[in-house]
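Listed here are the chains, written in short residue letters.
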Amino acid sequence: MFMIGPIGFLTPWILWGLVILPLLWFLLRAVPPAPIRRRFPGVALLLGLTDEDAETDRTPWWLLLLRMLAVAAAIIGFAGPVLNPEPKQAGNAPLLIVLDGGWAEARDWPRRVERAGMVLEEAGRDGRVVAVVRLTDQPQEITFRAASDWQGRLAVIEPSPWLPQNLEAWVDRFPAENFDTLWLSDGLAHPGRDMLAGLFADKGQLTVIEGDAPVVGLHPVAFDEGAVVVSASRLVGQGGEASLEVVGRGPDPSGIERELARATIEFTGDEARAEVKMDLPPELRNRVTRFEIAGLRSAGAVTLTDDSLKRRKVALITAGPQAEGLQLLSPLHYLRQALAPVADLIEAPILTALPASPDAVVLADVARLTAPEEAALVEWVEKGGLLLRFAGPRLAASDVSRYEEDPLMPVRLREGGRALGGAMSWGDAKKLAPFPEGSPFFGLALPDDVQIAEQVLAQPDPELGTRTIAALDDGTPLVTRKFIGEGQVVLIHVTANAEWSTLPLSGLFVQMLERLAISTRPAQPGARELAGQIWVPEVTLNAWGEERDAGEVAGVPGEELADAMTAGPGPAHPPGLYAGADRRVALNVLGAEASFAAAEWPASAQIEGLALMPEQSLKGGFLSAALIALLVDILAALWLGGRLRRLGRGVAVLAVAMLAALAAPQAQAQDATGQQGAGQQGAGQQETAQQGSTAAGPQPGDDFAIRATNGVTLAFVKTGDPQIDEISDYGLRGLGDTLWQRTSIEPEPPIGIDLETDELAFFPFIYWPITADAPLPSDAAYVKLNQFLRTGGMILFDTRDANVASVGGGSSEGQALQRIAAGLDIPALEPIPEDHVLTRTFYLLQTFPGRWAEGTIWVEAAPADAAQAEGVPFRNLNDGVTPVVIGGNDWAAAWAADENGVTLLPVGRGAAGDQQREIARRFGVNLIMHVLTGNYKSDQVHVPALLDRLGQ
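Procedures and definitions
- Residues numbered from 1 in each chain as written.
- Predicted model: local features only at pLDDT ≥ 70, side-chain atom pairs only at ≥ 80, totals over all residues.
- Heavy atoms only, no water.
- Helix = DSSP H or I, 4+ residues; strand = E, 2+ residues; numbered from the N terminus.
- Buried < 20%, exposed > 50% of the residue type's maximum accessible area, 1.4 Å probe, protein only.
- Contact = heavy atoms within 4.5 Å.
- Areas by Shrake-Rupley, 256 points an atom, 1.4 Å probe, with all protein chains shown as cover.
- Polar contact = N/O pair within 3.5 Å; in protein donor to acceptor, adjacent residues only side chain to side chain.
- Core = buried A, V, L, I, M, F, W, Y, C linked by side-chain atoms within 4.5 Å.
- Pairing = 2+ DSSP bridges.
- Axes fitted to C-alpha atoms, helices over the stretch in contact; angles between N-to-C directions.
- Expected span 1.5 Å × (residues − 1).
- Salt bridge = Lys/Arg side-chain N within 4 Å of Asp/Glu carboxyl O.
- Parallel < 35°, antiparallel > 145°, perpendicular 65-115°, else oblique.
- Left-handed = near helix turned anticlockwise from the far one by under 90°.
- Nonpolar A, V, L, I, M, F, W, Y, C, P; charged D, E, K, R; others polar.
- Patch = residues over 30% accessible without salt bridge, like charges linked within 9 Å, V, L, I, M, F, W, Y side chains within 5 Å.
- pLDDT = per-residue confidence, 0-100.
- 1 Å grid on protein atoms, 1.4 Å probe; cavity = no way out; pocket = protein on both sides within 12 Å on 5 of 7 lines; lining within 4 Å.
- Points joined across faces, edges and corners; volume = space filled by probe spheres on them.
- Domains from an automatic or database assignment.
- Lys, Arg positive; Asp, Glu negative; His and termini not counted.
- Phe/Tyr/Trp six-rings, centres within 6.5 Å; stacked < 30°, edge-to-face > 60°.

Focus on the overall build of the chain
Along the chain, the regular secondary structure elements total 25 helices and 39 strands. In the chain, which comprises 952 residues, the proportion classed as buried is 48%. Considering only intrachain contacts with a sequence separation of at least 6, the fraction spanning at least 24 residues in the chain is 74%. Total accessible area on the chain stands at roughly 45300 Å², and carbon and sulfur atoms take up 55% of it.

Written as structure tokens, this is what we have:
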């Protein structure tokens with residue numbers, strides 16, 4: 001294709017006709033021939049007379065110019081001019097399509113896949129072999145195949161919730177022969193990118209496509225003087241003022257996830273990193289499970305919180321009052337020093353401390369408990385509490401748990417104690433033995449200066465081995481544990497002060513408290529804290545920042561998890577929450593010290609943007625202009641020859657009418673194109689803009705009403721974009737055919753409606769595809785829409801963006817939906833629950849895919865008092881129809897089929913794509929059945945009562 005600026009020519013060789021324009025100029029000047037002058041005396045008798053049949057001796061210059069322009073316009077028109085033609089990947093060498101494939105591309109992933117699909121189609125037409133690589137995958141051998149082999153695979157490729165790693169390992173995977181490369185990059189400087197880009201530039205033409213979406217990410221939260229610090233980074237070079245809304249989410253007391261906190265991060269100047277402090281009460285802070293950037297849907301915009309954010313409440317209890325002046329000898333002194341910076345301490349009697357719902361209770365040398373205290377503690381432990389007991393002189397001298405195991409002791413104890421290293425002892429002071437596997441302390445380093453001089457001994461019962469989690473080097477139990485209900489009781493067989501051992505004086509003491517989940521430091525755990533344990537992922541994040549159940553995924557050694565926290569997540573260690581024996585840690589996309597830098601490309605690389613202007617053919621405009629110029633030329637020639645006056649006004653009026661008729665379609669097309677970008681369009685112009693669409697517009701007056709009410713008629717909102725309206729029409733036609741074949745519903749052909757002029761009450765269901773430039777309805781249209789929603793109608797809002805926008809998301813379609821929905825009377829929404837009637841109206845469904853499969857579907861929230869009836873697997877919901885369904889799965893594209901039932905647009909690939917299209921059709925059937933019948937299946941909760949009333 002020959003290009004001149006933004007205009008390309010499909011048949012550029014015709015432009016050679018412009019070369020003959022100078023020759024045409026001289027030919028036109030020679031016709032008519034110049035007259036020969038002869039002097040004749042008798043001519044004097046003719047002076048003063050007029051000749052009605054006058055002829056000019058040469059063609060006027062302006063008429064020559066008009067004819068030249070007409071010929072030039074015709075030549076250019078036949079050359080096939082196109083404004084903003086789709087970019088072509090020229091060449092005949094093998095083509096490599098490279099996708100970074102990380103979370104930084106999640107916001108505009110559908111656009112990237114669409115762009116790669118366009119290049120694949122062009123390569124297929126040119127007969128080029130193609131290979132597609134996602135750099136977030138493990139390096140593998142590259143094989144070039146036919147472009148058609150990649151069409152289905154490309155549609156199902158999704159970004160990964162991590163960034164490309166180890167790019168140097170890809171260098172040896174590419175073939176030795178030359179090839180061209182199209183690299184869809186996230187614009188970030190990943191390690192090894194320079195080496196890989198240099199290789200591609202040496203192999204052939206390197207074309208780089210970068211998106212225009214800003215790259216922003218959240219770091220793990222931190223503490224500073226009791227406040228939660230949330231920090232964010234952006235790509236270096238994205239200067240200027242910017243603000244981000246950060247939202248903290250977590251469950252409320254009823255277990256429903258809600259927004260619990262919100263703050264604004266302000267970037268000023270060229271700042272690459274900014275932060276905000278959030279003062280949250282402990283009760284609220286402990287509920288927060290994640291912080292996210294509002295309106296930005298990617299894994300980088302989410303930071304998960306783990307136990308390090310939760311400041312625990314610990315009750316410290318000792319026997320009797322504390323003696324003044326003996327602080328270092330106090331049983332609680334070292335516990336206070338270890339726990340005060342990281343926990344909220346409660347020092348009160350047991351029956352007073354338990355109503356404060358502490359996370360742990362510490363009994364320092366407390367032997368005897370009253371019956372009410374013991375009963376209250378047992379009940380508290382069974383519900384999940386942690387009781388930590390320390391030995392001491394009181395416990396050693398008592399008969400607690402001597403003969404029968406005390407409910408609040410993990411083992412039976414021997415009378416007295418054991419003294420080591422003294423003059424009256426049997427041996428030297430003992431050191432700790434390495435912690436065994438299965439112990440919460442496994443992996444902790446043992447300091448050489450920790451020595452045990454005295455301890456209480458456990459009776460050698462059969463359960464002693466399984467309940468011992470730490471021992472001395474001679475095998476004597478030092479720490480024992482017993483589970484009671486959902487909680488546990490732990491006994492440390494030495495004192496909480498330095499009277500019996502040096503353990504409270506060492507850093508190991510604090511680490512053991514952390515491993516027991518008595519405390520957590522408000523910082524990201526290091527290798528020492530993670531080592532020695534297997535961490536099993538419970539929740540993982542996808543590239544869009546959505547939480548997913550990790551399923552049956554193998555655990556990760558603590559040393560590997562620590563490395564991932566430094567280097568970032570990867571295929572073997574996805575971001576998410578990892579659970580150890582007694583605590584959970586979060587592996588987030590960004591580390592505490594991570595930063596972004598822009599990628600640098602070889603000088604020979606061609607850099608392009610991801611955004612493409614819509615392609616528009618100019619052929620019709622140039623040919624129409626040429627025809628108009630020729631008609632004007634005819635009128636001018638008649639006027640110069642004096643014949644126009646002779647023909648009279650009728651011919652003149654006819655000529656002007658012909659010019660107007662030719663100019664009107666062109667003007668309307670131009671007006672429709674211009675106003676489509678502005679988001680406004682008149683009814684008449686809208687019909688003109690939709691030429692070529694199969695959508696049959698409504699007829700005025702009674703004809704429209706009769707057609708809309710002749711049967712069950714589905715409707716779609718006309719957007720002004722002929723392609724989208726055509727897909728909507730074919731989609732509802734395909735859904736109607738499915739309903740005819742499978743149900744008793746026999747819908748009429750769908751109707752495209754104008755919200756401003758058409759009545760909505762005739763339709764039970766309206767499909768509304770949201771475009772980025774969708775205009776806001778007028779006040780009158782909003783009145784009709786709200787009345788439609790209140791009287792039982794349903795609107796399916798479809799952003800068609802694979803749900804990148806979510807509800808009020810950051811994509812252009814999501815923002816347009818947010819603007820439109822602001823004026824609608826929409827009830828509270830929630831993601832469609834598993835027991836919603838849409839899951840069982842006709843088919844039993846678990847997912848609701850369209851052309852895309854992963855989007856969240858939003859429906860009207862269930863009543864607060866909706867309860868599950870006994871013996872019925874779903875709740876007793878009302879019989880109303882959800883007035884809106886919101887999603888972005890592009891359902892019309894999945895339903896679309898022509899008159900012969902042939903599907904029009906691809907969905908997925910192979911058998912998986914066929915299955916996805918079938919589920920999409922079933923969702924459409926459920927949707928229309930729900931619209932027409934309501935939540936009728938919820939009435940099954942009344943079946944037992946009805947049968948009982950009938951005496952059956």
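Observations concerning the side chain of R402
Mapped onto the fold, R402 is located in the loop between α10 (393–397) and β21 (418–419). Only 3.4 Å separates the side chain of R402 from the backbone oxygen of R414, close enough to count as a polar contact. If near-sequence neighbours (up to four positions away) are discounted, R402 is found in contact with L395, A396, A397, R412, L413, R414, E415 and G416.

Side note on the nonpolar core
Among the nonpolar cores identified, the biggest contains 47 residues, and L335, L388, F390, L395, L432, F441 and V479 are the most heavily contacted of them. Per-element accounting of this core gives the leading share, four residues, to helix α12 (residues 507–515). Within the second largest apolar cluster, 31 residues are counted, among which are L796, F848, V885 and F923.

So, the sheet that holds strand β17 (residues 312–318)
Pairing in this open sheet of seven strands is mixed, and the strands run β18-β17-β19-β20-β25-β24-β23 from one edge to the other. Of all strands in the sheet, those with a lone pairing partner are β18 (343–346) and β23 (468–471), marking the two edges. In this sheet, neighbouring strand axes are inclined to one another by 20° on average, regardless of whether the strands run parallel or antiparallel.

Observations concerning helix α2 (residues 61–78)
The first and last C-alpha atoms of α2 sit 26 Å apart over 18 residues, in line with the 26 Å expected at 1.5 Å per residue. Among the residues of α2, L63, L64, L66, M68, A70, A72, A73, I75, I76 and G77 are the ones counted as buried.

A short note on the sheet that holds strand β8 (residues 206–210)
On the basis of which strands lie adjacent, the open sheet formed by six strands has the order β6-β5-β4-β7-β8-β31 and mixed pairing. Only two strands of the sheet have a single partner each, and these edge strands are β6 (145–146) and β31 (606–609). As paired strands, strand β7 (residues 180–185) and β8 are joined by five bridges and run parallel to one another. Bridged to S185 within β8 is E210. Contacts from helix α5 (residues 193–203) reach β4 (95–99), β7 and β8 within the one sheet, and its direction differs from that of β7 by about 150°.

Overview of the pattern of salt bridges
What the rule picks out here adds up to 26 salt bridges. Here R115 ties to E608 by a salt bridge, and the two come within 2.8 Å at their closest N and O atoms. Residue R115 is found in helix α3 (residues 109–126), and its partner E608 is found in strand β31; the two are separated by 493 residues along the sequence. Of the residues examined, R115 reaches a relative accessible area of 4% and is grouped as buried. Across the salt bridge formed by E546 and R297, the nearest N and O atoms sit 2.2 Å from each other.

Some thoughts on the packing of α3 against helix α4 (residues 147–156)
For the pair α3 and α4, the least separation of the axes is 9 Å and the interaxial angle reads 165°. The angle between α3 and α4 places the two elements in the roughly antiparallel class. Seen from above, α3 lies across α4 with left-handed handedness. Residues V113, A116, G117, L120, E121, A123 and G124 of α3 form the contact with α4, whose participating residues are A147, W150, Q151 and L154. A per-class count over the contact of α3 with α4 returns seven nonpolar, three polar and one charged.

Details of the environment of Q455
By the element assignment, Q455 lies in strand β22 (residues 454–455). Residue classification places Q455 among the buried residues on the basis of a relative accessible area of 0%. Counting along the chain gives 38 residues from Q455 to G417, while the straight-line C-alpha distance between them is 5.8 Å. The contact partners of Q455, leaving out residues within four places of it in the chain, are G417, R418, L472, T476, P477, H493, V494 and W500.

Comments concerning unusual backbone geometry
Even without a glycine there, the phi angle at R800 is positive, about 60°. For D890, which is not glycine, the phi dihedral falls at a positive 55°. The residue D890 is located in the loop between β39 (884–887) and α23 (891–895) in this model.

Details of the environment of G793
Its place among the elements puts G793 in the loop between α21 (779–790) and β36 (794–798). Residue contacts for G793: discarding those within four places in its chain leaves P764, F788 and P883.

Brief notes about the packing of helix α20 (residues 722–742) against helix α24 (residues 910–933)
One way to put it is that α20 packs onto α24 with a least axis distance of 10 Å and a crossing angle of 75°. Between α20 and α24, the crossing angle belongs to the class labelled roughly perpendicular. Along its contact with α20, which presents L735, T738, L739 and R742, the element α24 presents E918, R921, R922, G924, V925 and I928.

Observations regarding the pairing of strand β15 (residues 290–293)
A regular strand carries its side chains on alternate faces of the sheet. Residues of β15 alternate between two faces, with R290 and E292 on one and F291 and I293 on the opposite face, all of them buried. Sheet topology places strand β12 (residues 242–251) next to β15; four bridges connect them, and they run antiparallel. Note that in β15 the partner of R249 across the bridge is R290.

Focus: a nonpolar patch on the surface
A contiguous nonpolar patch, built from W61, W62, L65, L69 and W639 and spanning about 590 Å² of accessible area, is present on the exposed surface. Per element, the largest residue contribution to the nonpolar patch is four residues, and it comes from α2. Turning to its location among the elements, W61 is positioned in helix α2. W61 gets classed as exposed once you look at its relative accessible area, which sits at 58%.

Structural notes on the confidence of the model for the chain
Mean pLDDT over the chain stands at 80; residues scoring 70 or higher make up 78%. The model gives residues 665–700 a pLDDT under 50, and that stretch makes 62 contacts with residues more than four places away or in other chains.

Brief notes about empty space enclosed by the protein
Within the structure shown, the criterion is met by five cavities of 30 Å³ or more. In this structure, the second largest cavity spans a volume of roughly 50 Å³. Around the second largest cavity, the lining residues are L444, Q511, E514, R515, E529, Q533, W535 and R583. When residues of the lining of the second largest cavity are assigned to their parent elements, the largest contribution, three residues, is made by α12. Looking at the lining of the second largest cavity residue by residue, the class counts come to two nonpolar, two polar and four charged. Looking at the lining of the second largest cavity, you find at least three residues from each of domain 3 (216–311 + 523–595) and domain 4 (317–515).

So, the side chain of D898
Secondary-structure assignment places D898 in the loop between α23 and α24. Among buried Asp, Glu, Lys and Arg side chains, D898 stands out as unpaired, with R921 the closest opposite charge at 9.1 Å. A polar contact of 3.0 Å, which involves the side chain of D898, links it to the backbone nitrogen of N900. A distance of 2.8 Å separates the side chain of D898 from the backbone nitrogen of V902, its partner in a polar contact. If near-sequence neighbours (up to four positions away) are discounted, D898 is found in contact with Y730, D737 and L904.

Observations regarding the packing of aromatic side chains
We describe a pair of aromatic rings using the distance from one ring centre to the other and the angle between the two ring planes. In this structure the tally under the stated criterion is 17 aromatic pairs. Put simply, the rings of F144, W170, F174, F179, W183, F200 and W601 touch in pairs and so form one group of aromatic residues.

Notes on α5
Since one α-helical turn is 3.6 residues long, residues separated by three or four positions face the same way. Among all positions in α5, only R193, L196, A197, L199, F200, A201 and K203 are buried. On its buried face, α5 is in contact with β4, β7 and β8.

Observations concerning the environment of A594
Here A594 lies in the loop between β30 (584–587) and β31. Spatially, the C-alpha atom of A594 lies 9.9 Å from that of A232, the residues being 362 residues apart in sequence. Leaving out residues up to four positions away in the same chain, A594 has contacts with H219, S233 and R273.

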